[in-house]
Amino acid sequence: VAEERTDSELLIASRAEPEAFTELYRRHAEDLLRYFARRTLDPETAAELTAETFAEAFASRANYRDQQGVNGVAWLYGIARHRLGRFFRAGRVDAAARRKLGMPERELPPEDYERIEDLIDFAPIREALVEALDTLSDDQREAMRLRVIDGLDYAEVAQRLRCTQQNARQRVSRGLRKIALLLQERGMQLTTEVEA
Amino acid sequence: MNTDIRALQLLERDLDAVAARERDRLASVERALGDGGPGGPRRLPRRGRGGGGGHNWAGVAAAVVAVLVLAGGIGFLSQGMSGDDAGSAGGGAEQAVGGELATPAPAEKEAPEDGDDEGVTRAALQAPSVSDSSAESWATRDAAGTGRPGVGAVPAQQGDLTKIVRDGRIGIVIADGSFSKGVSRVTVIARRHGGFVLSSSSRDERTGTLTLRIPAKRFDDTMLALRGLAGELDGRVDSQNITGEDVTAEFVDLGARLDILKQRRSLLRTLQNDATTSAEILRLSGLIENTQLEIENIQGRLNFLKDQVAEATIQVEVRERHAPGEEAGTDPENPSLTDSFELGVQGFLRVIGAIVVGLGYLIPVAVAAGAVYGVIRLVRRRDRVAS
């Protein structure tokens, strides 16, 4: 069934009809994940922030007001920005909203790392990354170089580093997170805004 | 959702589960509320801060109404208190309103503004000049003997220099058909207090005015008796107005002038006796005559004042409750449309006034409360970020 309600209508309807929120999620989940991925450069963090943002949006959906200039998406991205800011300040994603709703905190499935990285356009940040690589541990730097700069897939990266693929993924992920935090600290703008 | 990202699929499943739980919760709340009206689920109470659109507006409206009612209550309370204060503090010096007999008291102009300790002026200012609403409470207090210095006592002290002319005006509404009884009772009251009915007039045998002259000493007793008459005839006191005019200064002034004129008269008489020419005698007798005329004028004025001081005037308006005529409209128990409208406007203004006063009390409190709340929120937020 084609859903014709606007985001605002969905949010308002979801107060009494919680399923309407899932529709909102389907519309915006991938964009939001990309939004976080491009800013954190880290699939794990991006996935966690996405989950936490939607959880918080669901929990506080009653606070949404259909005001002029604040449509449903803008409201959602308002929460996202807030979450992102807290992540950059605290260096980690908390799970308060998910815990409040009784949602599980899931590990990122292995196959998602590459798929989420695909959402990130690394090209514009490659240069900045090379400089930032100096701040990483040797293991992380090596994994990052193979994965991000040489563009190898995780099987190859793992082979080169003589570790498991999961291990390789984690090294890249942690390394990226560290770089993202570092760049944020220096006030560098990594990506252009993507939200509508 | 067209995504091959597994995490997003899992998250969708998780959110679906949460939505289902929430739906069950809402349904159980709805059942508990016994199938709420047409507003249905939208009216349901919700966890957390804030509610739905309409819900919240109702909440805001209720809060505003509560604040206004609170402010109004505080306003009325504070006005009630300050009004009482003014009543007891300024009562005596108050200018009487609306009474024909309420001639401006010269004493109030001549006397030093804020009653210094000159006994005479003090007493003059304390002479009652009470009107409408405060009249009743004053009379009651006086009757109970707990009020201000006995008002009737002032002119009663004959050795005292103070001379006060007192006028009273009282409007009594009595039961229909009891007008002639009322008039005769008023006459009896006047006689019983050593006074008399100076004049009376009536219309349709239903409304009328009687002017009583009562010895000043018995003035207050008479006023009380007249008030009692209202109750006796199943009626009420419609209005009461008492004024006191201090004529002490005029009295003293006239006395001094009288003395001088008398001395002058005796001097002129001596001169007349010693006069030798008829022209002198004629001139002196003309002067004596003028002086004598002035003396008589002053004597007359003094006698009038003495009379006024010795006897008070009370104007009594007696009216049957449903008597026709222009005054019938002012009966608050049976108000006309105009009166009702005026009463309504007055009430409206009073309520608004009370609310404004109350807000004056509330706003500083609210600002302080808001500051405390802000600090608490700030601290909590910091705790949350820190944890």
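Preceding this paragraph is the structure being described.
Residues numbered from 1 in each chain as written. Chains lettered and ligands numbered in written order. Predicted model: local features only at pLDDT ≥ 70, side-chain atom pairs only at ≥ 80, totals over all residues. Heavy atoms only, no water.

Some words on the overall build of chain A
Next up, step 1: Counting its regular elements, chain A contains ten helices and zero strands.
Next up, step 2: Ordered by position from N to C terminus, the α and β elements of chain A give α-α-α-α-α-α-α-α-α-α.
Next up, step 3: Residues counted as buried form 56% of the 196 residues belonging to chain A.
Next up, step 4: Excluding contacts between residues fewer than 6 apart, the proportion of contacts in chain A whose partners are at least 24 apart in sequence is 66%.
Next up, step 5: On chain A, roughly 9,200 Å² of surface is accessible, and the fraction owed to carbon and sulfur atoms is 43%. (Helix = DSSP H or I, 4+ residues; strand = E, 2+ residues; numbered from the N terminus. Buried < 20%, exposed > 50% of the residue type's maximum accessible area, 1.4 Å probe, protein only. Contact = heavy atoms within 4.5 Å. Areas by Shrake-Rupley, 256 points an atom, 1.4 Å probe, with all protein chains shown as cover.)

Regarding helix H8 (residues 138–149) of chain A
All names here are of chain A.
Next up, step 1: In a regular helix each residue adds 1.5 Å, so twelve residues correspond to 16 Å; H8 covers 15 Å between its end C-alpha atoms and thus fits that length.
Next up, step 2: Within H8, the full set of buried residues consists of Gln140, Arg141, Ala143, Met144, Leu146, Arg147 and Val148.
Next up, step 3: Once H8 finishes, glycine 151 follows within two positions and takes phi at roughly 75°, a positive value. (Expected span 1.5 Å × (residues − 1).)

Looking at the packing of aromatic side chains
Next up, step 1: Counted by the stated rule, this structure contains seven aromatic pairs over all chains.
Next up, step 2: Judged by centre distance (4.6 Å) and plane angle (75°), the ring pair of A:Tyr25 and A:Phe54 falls under edge-to-face. Highlighted residues: A:Tyr25 in helix H2 (residues 19–40) and A:Phe54 in helix H3 (residues 43–59), separated in sequence by 29 residues. Each member of the pair, A:Tyr25 as well as A:Phe54, carries the same accessibility label: buried.
Next up, step 3: Here the aromatic rings of A:Phe87 and A:Phe88 are separated by 5.3 Å at their centres, their planes lie at 50°, and the arrangement is tilted.
Next up, step 4: For A:Phe88, a relative accessible area of 17% gives the class buried.
Next up, step 5: Through successive ring pairs, a cluster of aromatic residues spans A:Phe21, A:Tyr25, A:Phe54 and A:Phe58.
Next up, step 6: Cation over ring: A:Arg147 sits above A:Tyr154, and NZ or CZ is 4.9 Å from the ring centre.
Next up, step 7: Above the ring of B:Phe251, the side-chain terminus of B:Lys163 is found at 5.1 Å from the ring centroid. (Phe/Tyr/Trp six-rings, centres within 6.5 Å; stacked < 30°, edge-to-face > 60°. Lys NZ or Arg CZ within 6 Å of the ring centre and 35° of its normal.)

Looking at a positive patch on the surface
Next up, step 1: On the surface, a cluster of positive charge is made up of A:Lys100, B:Arg377, B:Arg380, B:Arg381 and B:Arg384.
Next up, step 2: Considering every element that reaches the positive patch, the biggest residue donor is helix H11 (residues 337–386) of chain B, with four residues. (Patch = residues over 30% accessible without salt bridge, like charges linked within 9 Å, V, L, I, M, F, W, Y side chains within 5 Å. Salt bridge = Lys/Arg side-chain N within 4 Å of Asp/Glu carboxyl O. Lys, Arg positive; Asp, Glu negative; His and termini not counted. Charge placed at Lys NZ, Arg CZ, Asp CG, Glu CD.)

Remarks on the interface of chain A and chain B
Next up, step 1: Listed by partner, the interface residues are 35 residues for chain A and 31 residues for chain B.
Next up, step 2: The contact between chain A and chain B buries some 2,900 Å² in all, and 59% of this surface belongs to carbon and sulfur atoms.
Next up, step 3: There are four salt bridges connecting chain A and chain B.
Next up, step 4: Where A:Arg26 meets B:Glu12, a salt bridge forms, and the shortest distance between an N and an O atom there is 2.5 Å.
Next up, step 5: Summed over the shared surface of chain A and chain B, the result is eleven residue pairs in polar contact (both at pLDDT 80 or more).
Next up, step 6: Every element with two or more residues in the side of chain A that touches chain B is listed here: H2, H3 and helix H6 (112–119) of chain A.
Next up, step 7: It is H2(A) that contributes the most residues to the side of chain A that touches chain B, eight residues altogether.
Next up, step 8: Class assignment for the residues of the side of chain A that touches chain B results in 19 nonpolar, four polar and twelve charged. (Buried area = accessible area lost by both parts, 1.4 Å probe. Polar contact = N/O pair within 3.5 Å; in protein donor to acceptor, adjacent residues only side chain to side chain. Nonpolar A, V, L, I, M, F, W, Y, C, P; charged D, E, K, R; others polar.)

Some points on the sheet that holds strand E1 (residues 164–174) of chain B
Residues and elements named next belong to chain B.
Next up, step 1: Taken together, five strands build an open sheet; the order of strands is E2-E3-E5-E1-E4 and the sheet is mixed. Of all strands in the sheet, those with a lone pairing partner are strand E2 (196–203) and strand E4 (236–246), marking the two edges. Each neighbouring strand pair of the sheet contributes to a mean axis angle of 10°, computed without reference to strand direction.
Next up, step 2: In the sheet, strand E3 (residues 207–215) pairs with strand E5 (residues 311–320) via nine bridges, with the strands oriented antiparallel. Within E5, the residue paired with leucine 212 across the bridge is isoleucine 314.
Next up, step 3: Of the strands in this sheet, E1, E3, E4 and E5 are in contact with helix H8 (residues 219–232), which crosses E1 at around 5°.
Next up, step 4: This element, helix H10 (residues 278–310), spans E1, E3 and E5 of the sheet and lies at about 55° to E5. (Pairing = 2+ DSSP bridges. Axes fitted to C-alpha atoms, helices over the stretch in contact; angles between N-to-C directions.)

Points about the environment of B:Met223
Residue and element names in this part refer to chain B.
Next up, step 1: One can find methionine 223 in helix H8.
Next up, step 2: Exposure remark for methionine 223: the relative accessible area of 3% places this residue in the buried category.
Next up, step 3: Counting along the chain gives 17 residues from methionine 223 to glutamine 240, while the straight-line C-alpha distance between them is 9.1 Å.
Next up, step 4: In contact with methionine 223, other than residues within four places in its own chain, are Gly168, Arg169, Ile170, Gln240, Ile242 and Ile314.

Quick look at the layout of surface pockets
Summary: where empty space remains is shown by rolling a probe the size of a single water molecule over the atoms.
Next up, step 1: For the second largest pocket, the calculated volume is near 420 Å³.
Next up, step 2: Residue lining of the second largest pocket: 27 residues in total, with A:Glu44, A:Glu48, A:Arg106, A:Glu107 and A:Leu108 positioned closest to the centre.
Next up, step 3: Elements supplying a minimum of two residues to the lining of the second largest pocket: H3 and helix H10 (165–185) of chain A together with helix H1 (6–32) of chain B.
Next up, step 4: Looking at the lining of the second largest pocket residue by residue, the classes come out as 14 nonpolar, three polar and ten charged. (1 Å grid on protein atoms, 1.4 Å probe; cavity = no way out; pocket = protein on both sides within 12 Å on 5 of 7 lines; lining within 4 Å. Points joined across faces, edges and corners; volume = space filled by probe spheres on them.)

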